[in-house]
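# Structural overview for review
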Amino acid sequence: MEGITKRFGDVVANDDVDFSLEKGSIHALLGENGSGKTTLMSVLYGLYEKNAGTIHVDGEPRAFGSPRDAMDAGIGMIHQHFQLVETMTVLQNVVLGHEPTDNGLVDMSAARNDIEDICSRYQFGVDQFLDTKVQELDLGARQRVEIVKSLYRGADILILDEPTAVLTPQEIAELLDVMAELANAGHSLIFITHKLGEALDAADEITVLRDGEAIGTVDSGETSESELARMMVGREVQFDRPPRDAPRGDPVLDAEQLHVRGSRGLEQVSGVDVTVREGEILGIAGVQGNGQTELVEALTGLRDIDAGSVQFSGEDITDTNRRQRIDAGIAYIPENRTTEGLVQEYTLVRNALLGNQTVEPFVDNGMIDWAAVQRHAEEIIREYDVQPPNEDAEAKSLSGGNQQKFIVGREIEHAPDVMIASHPTRGVDIGSIEFIHDRLLELREAGMGIVVVSSKLDEIQKLADRIAVMYEGEFMATVEPTETTEEELGMLMTGHGPDDASGGVKS
Amino acid sequence: MSRSSKRLYDVVDSAAGHMLRASVIERLAIATASIALALLIGVGIVAAAGYDPVAFLTSLVEGAIGGQSAIARTLRFSTLFILTGVAVAVAFRAGVFNIGVQGQFVVGGFATIMSIIRTAPLLPEGVVGGVGLLLVGFAAGACAGGVYGAFPGALKAYADANVIITTIMLNFIATGVVGWLVQNPFRGEGNTAPNTERIPEYVSLPRIVFDSPGFSIVGLGIALATVAVIFVVMERSRFGYDMVTSGHQQSAATYSGVGAKRTIVLTMTLSGMVAGVAGAVFAIMIQGYYTDPSGIGTYGFDAIAVSLLAANNPLGIVPAGLLFGGLDSAGSHIGIYTDVPVQLIDGVIGLVILFVSVPELFRMAAQRTGLGGESR
Amino acid sequence: MSVTDYTDRNELRIAGVVAILAAVVVAAMVMDLQVLEIITAGFIERSLQAATPIALTAIGGLYAEKSGVFNIGVEGFMIFGAATAATMMWVISGGSPGQGDVWLAILASALVSLVFATIFAVLLIRYEADQIVAGLALWFIGLGFGPFMAILVWDSRNSPSLESVNDLTVPVLSDVPVVGQIFFDTSPLVLFTAVLAVAAWKFLNDTRYGYWIQAAGENPEALDTAGISVTRVRYAAVIFSGVMAGLGGAVLLAQAGSFTGTGDTMVSGRGWIGIVAYLFGNYNPLGAAVAALVFGGLDMLQIQLQTAGISVPNRLVNLFPYAGVIVVLTVWGTTRTPSAVGESYESEE
């Protein structure tokens with residue numbers, strides 16, 4: 001691919017990007033969220049039309065108007081959100097769109113033979129599920145089904161879009177094995193990721209994208225994490241831990257033996273104790289999907305608790321709902337700002353009321369004083385440097401960082417006793433990250449109890465007074481950030497017991 | 001500026017702002033285009049069927065606004081469309097697809113008549129009794145409609161039963177059961193038709209300004225007052241904010257402490273209550289008794305189009321309701337004074353609803369012809 | 001999917017149908033009725049005939065919804081189908097229709113439905129109409145223009161007596177007691193519908209097009225990335241549903257032998273019952289056909305009860321299916337609606 005440019009309106013998602021893939025190799029495409037990785041691949045796969053540039057496959061110039069064209073040229077894409085029909089069986093999904101037929105009916109036995117062939121060639125272990133409906137499979141198995149689907153369609157080039165985002169560490173390891181196997185068998189793979197380590201482990205070559213531009217392509221054997229990181233963010237990220245006094249306050253939020261089930265009815269939190277003191281930041285680290293979401297929702301009142309109790313300033317609040325907890329003084333910076341934290345089609349003024357529906361002076365006797373809400377919105381915008389400073393702008397018109405600053409401001413101005421911040425800086429630009437970190441540290445100084453959930457270890461290490469590492473619904477250990485290395489945290493996050501880590505302190 | 005007038009100013013100001021944001025001009029254009037297109041097809045059919053299209057159009061206008069009685073008739077229908085339209089708008093704004101306004105309207109109207117008939121012997125005759133019975137009737141209508149709306153709301157909230165389907169079913173059940181009731185246990189003594197007894201003469205809305213059967217300006221006043229109340233609830237009250245937020249983005253509403261289940265039930269109750277009030281106005285102002293609901297018109301269904309046309313904005317419901325009232329009124333006129341079958345008008349109204357449901361059609365047409373270039 | 005699969009997965013539903021039938025029987029015994037006097041071969045035959053228009057409509061609606069488009073306009077299509085069939089029969093035959101004219105009328109009605117369904121599909125899919133409102137609108141249009149057609153032809157909302165479809169009597173087989181009368185001396189439309197239900201079931205589950213329809217309703221993106229046009233699949237399904245509903249209306253007319261345009265017209269909610277039937281049958285064509293038969297039976301039951309000397313308010317008995325749906329949706333959890341129903345899909349090409 002040469003000189004690929006893709007614009008969405010005024011936004012340039014890909015700016016004159018060159019990218020080339022060697023046959024039988026794995027090429028990682030590395031970059032932060034929003035750097036244009038997925039867009040570039042969607043152009044290759046025929047989902048988007050490019051504004052400029054050329055694509056050659058095996059030396060032939062090609063132009064793909066649709067995924068079908070790309071598929072015919074031997075390109076398959078495994079999307080971040082699996083393109084599987086949950087109510088259909090694995091077999092039906094694999095052949096969808098390319099069904100072998102016999103007398104008008106789908107020829108199941110032919111399909112079965114072909115798929116079993118593919119599976120045995122690469123030892124996928126998908127063949128045992130052929131007649132199982134996709135909805136009954138776990139995510140790792142679904143991903144393998146996606147890969148089999150692409151191979152069945154005759155793909156030589158496979159694009160994997162953030163394939164590890166939803167997988168457990170074991171599943172990631174298995175996936176990387178599968179990828180190596182495929183490359184050995186002569187397939188060429190493009191591996192989209194924002195995780196440095198994985199790119200280094202899996203790929204032969206790594207191309208880094210930043211703000212839609214290709215920064216450079218390096219050989220994975222001749223580079224290091226720090227070099228890649230510098231390429232990704234444009235400068236060395238400095239997460240210096242500010243000096244501080246040890247927190248000495250009383251416990252303000254105290255949960256014991258929490259058991260919580262996830263949306264699918266499976267237990268996601270299994271007997272967790274959480275204690276947060278005044279003037280303390282408790283960091284909760286872990287790979288996404290290990291029960292952090294459910295734990296946070298249980299603490300904020302968004303999810304029912306199966307067993308255990310939650311105490312707030314000495315009072316039992318286990319059975320109170322979200323609104324009662326807001327009123328009690330538990331603020332929440334939600335994991336997902338676009339679906340939870342802001343109503344996208346509301347102006348910032350209307351969004352300033354979100355979560356404040358019971359707070360005077362904004363609401364009095366059930367009636368809203370919009371003038372007061374407007375002043376509040378203006379104040380948040382000013383204090384938290386929300387750009388553009390226009391309270392009548394719709395939330396969706398703001399950038400991610402500014403949306404997040406608005407939410408952080410709104411929740412802080414709520415004057416809570418406890419702040420629960422879930423991935424407070426995810427997808428936020430660096431300036432905003434530092435701004436949000438500073439605010440959280442200020443609140444800590446002011447004596448608030450704070451919980452920060454993040455999968456970014458550097459963030460957790462910078463902010464937290466104690467770090468609880470969550471793995472498969474349990475706290476593996478609670479450790480001191482100053483006495484624990486990133487490597488030790490990484491071990492804990494992948495389920496290696498606290499004995500392996502030094503400085504383990506049980507709270 | 002005093003505090004109260006400042007508040008009033010705010011309301012008007014935000015209303016104006018809101019209307020503009022919903023791009024009033026585009027709405028108007030779509031409404032006009034829908035009606036024009038539907039009428040064009042209607043006129044085409046009239047001409048093809050051998051009737052005089054010019055006479056048809058003339059009597060259409062005459063039937064809607066030609067003279068006091070036509071206007072009164074238009075306002076009579078409009079009153080009902082405005083009320084039922086608001087009922088729909090309340091639910092749709094909150095993201096709850098209440099297709100059951102027709103059923104809530106029927107149940108509310110029937111409850112109104114029966115409560116008045118049953119309470120009448122207990123109260124003195126004359127003005128005092130009349131006003132008292134009116135209050136009883138409206139209260140009964142609102143309650144019955146509210147309960148009949150709350151039921152599918154609760155089924156949705158606690159058993160996850162699809163509201164669209166359950167409310168459609170409840171429409172049939174309301175019509176069937178009330179139809180059977182007025183035919184059998186509650187049929188008025190000596191009635192040959194399947195009707196209840198009449199409510200007493202002194203229970204009626206006063207005929208001021210318009211002296212026309214079946215219309216009272218008070219009825220229209222009730223409709224407009226309901227619009228105002230619902231507008232204030234939606235725009236200025238916490239409950240309204242919770243409701244509208246749920247409709248826009250359920251997860252954000254939940255995040256902010258709004259209980260999803262409770263909101264669905266409350267929304268459906270409020271929507272049903274407004275539909276019940278509409279039923280009460282229909283029963284008291286127009287009929288004075290209750291009859292087989294399969295023959296009383298499809299106000300609750302047409303209301304969906306009224307609300308849609310108004311982008312579910314309570315204030316927009318007023319012009320949209322007037323428009324549908326005019327069409328219905330013209331239909332009655334044509335049915336009586338011309339040889340064009342009234343069914344044609346029913347069909348044309350159906351076409352209007354159909355076109356209103358396809359704003360995209362007109363947007364694309366506008367783009368292609370270069371008209372209204374900036375309307376996306 | 002095999003029949004046993006289906007029964008396994010729908011135990012509750014099937015149990016429900018059985019329970020309703022058992023309740024009817026028990027009620028009959030408690031009320032000291034001669035069950036055999038009521039459940040006669042003639043009753044079953046009439047129930048099957050009453051079920052055919054509902055089943056046809058249900059199968060069509062099911063396909064549309066499976067593909068991701070909720071066609072609640074089927075009631076309107078049925079009215080058009082019936083009115084078109086009636087007027088066509090009259091026009092083709094010049095006022096004195098015979099058997100051939102009946103079949104021609106059904107065919108003509110299906111063709112006219114094809115045209116309407118195509119227009120409707122364009123509005124729903126190309127122009128992203130609100131499916132609920134557009135569907136309701138179609139009902140009103142049918143309620144208006146259906147009787148209007150009758151008025152144009154006969155100057156009345158009802159037609160004079162036309163011709164109805166003759167029973168098809170298979171020699172020898174029709175002499176078999178009970179079974180003969182039910183299956184081999186009945187309207188050929190019943191047999192046609194039965195065959196169609198099986199074919200629709202096989203088509204949906206065992207052909208590529210069936211796969212595509214299911215994928216279009218569950219995860220259109222998956223179908224799109226497999227290189228199949230979601231839009232085309234949905235067009236096909238919606239047009240099919242309109243034609244089937246129109247056919248259902250035509251069949252209804254062909255059985256009744258005259259058009260009724262008063263009240264809710266002769267269709268009188270059968271389109272809605274069709275929707276209910278496929279929900280009841282959990283989007284399985286065979287299940288929908290069985291549900292249609294239950295509703296057809298309920299419809300005929302009151303006549304049967306009347307002849308047995310029991311008067312039941314038929315107005316209330318007619319409401320059974322509607323109440324049944326609410327119970328099904330509530331007690332047996334949700335009928336699993338395809339996830340992408342109601343969302344218009346735009347390919348990002």
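This report concerns the structure included in the present document.

Rules used in this analysis
Residues numbered from 1 in each chain as written. Chains lettered and ligands numbered in written order. Predicted model: local features only at pLDDT ≥ 70, side-chain atom pairs only at ≥ 80, totals over all residues. Heavy atoms only, no water. Pairing = 2+ DSSP bridges. Helix = DSSP H or I, 4+ residues; strand = E, 2+ residues; numbered from the N terminus. Axes fitted to C-alpha atoms, helices over the stretch in contact; angles between N-to-C directions. Contact = heavy atoms within 4.5 Å. Buried area = accessible area lost by both parts, 1.4 Å probe. Salt bridge = Lys/Arg side-chain N within 4 Å of Asp/Glu carboxyl O. Polar contact = N/O pair within 3.5 Å; in protein donor to acceptor, adjacent residues only side chain to side chain. Nonpolar A, V, L, I, M, F, W, Y, C, P; charged D, E, K, R; others polar. Patch = residues over 30% accessible without salt bridge, like charges linked within 9 Å, V, L, I, M, F, W, Y side chains within 5 Å. Areas by Shrake-Rupley, 256 points an atom, 1.4 Å probe, with all protein chains shown as cover. Lys, Arg positive; Asp, Glu negative; His and termini not counted. Charge placed at Lys NZ, Arg CZ, Asp CG, Glu CD. Buried < 20%, exposed > 50% of the residue type's maximum accessible area, 1.4 Å probe, protein only.

## Considerations on the sheet that holds strand β24 (residues 474–479) of chain A
Residues and elements named next belong to chain A. Spatially, β18-β21-β22-β15-β23-β24 is the arrangement adopted by the six strands of the open sheet, whose pairing is mixed. The open sheet has two edge strands with one neighbour each: β18 (330–333) and β24. Each strand of the sheet is rotated relative to its neighbour by a mean of 20°, with strand direction disregarded. By the bridge criterion, five bridges tie strand β23 (residues 466–471) to β24 in an arrangement that is antiparallel. Among the inter-strand pairings, Y471 is bridged to a residue of β24, identified as E474.

## Looking at the interface of chain A and chain C
Contacts between chain A and chain C engage 30 residues on the former and 23 residues on the latter. Between chain A and chain C lies a buried interface of about 2,100 Å² when both sides are counted; carbon and sulfur atoms form 56% of it. Connecting chain A to chain C are one salt bridge. In this structure, E99(A) engages R208(C) in a salt bridge whose closest nitrogen and oxygen atoms are separated by 3.7 Å. Applying the counting criterion to the chain A and chain C interface returns six residue pairs in polar contact (both at pLDDT 80 or more). Elements that contribute at least two residues to the side of chain A that touches chain C include exactly α2 (67–72), α3 (90–95) and β8 (105–106) of chain A. At three residues, the largest contribution of residues to the side of chain A that touches chain C is made by α2(A). Class assignment for the residues of the side of chain A that touches chain C results in 14 nonpolar, twelve polar and four charged.

## Concerning the sheet that holds strand β9 (residues 157–161) of chain A
Neighbouring strands of a sheet are bound in pairs by backbone hydrogen bonds; such pairs are parallel or else antiparallel. Residues and elements named next belong to chain A. Pairing is mixed in the open sheet, where six strands are placed in the order β6-β9-β10-β3-β11-β12. Edge positions in the sheet fall to β6 (75–78) and β12 (213–219), since each of these pairs with one other strand and no more. Across this sheet, the average inter-strand angle for adjacent strands is 20°, counted without regard to direction. Across four bridges, strand β3 (residues 26–30) lies against strand β11 (residues 205–210) in parallel orientation. Counted as the bridge partner of H27 is E205 from β11.

## Thoughts on a negative patch on the surface
On the surface, a cluster of negative charge is contributed by D15(A), D16(A), D18(A), D211(A) and E213(A). Tracing the backbone through its elements, the reader meets D211(A) in the loop between β11 and β12.

## So, the interface of chain B and chain C
Across the boundary between the two partners, chain B contributes 46 residues, which contact 38 residues of chain C. Roughly 3,900 Å² of surface becomes buried between chain B and chain C when both sides are summed, with 82% attributable to carbon and sulfur atoms. Taken as a group, M169(B), F172(B) and Q343(B) account for 16% of the area that chain B buries against chain C, more than any other trio of residues on that side. Counting every contact that joins chain B to chain C gives one residue pair in polar contact (both at pLDDT 80 or more).

## Description of the side chain of R76(B)
Residue and element names in this part refer to chain B. Assignment of secondary structure puts R76 in helix α4 (residues 68–93). D328 provides the closest opposite charge to the buried, unpaired R76, separated from it by 8.6 Å. Residue contacts for R76: discarding those within four places in its chain leaves P213, G214, F215, M285 and I286.

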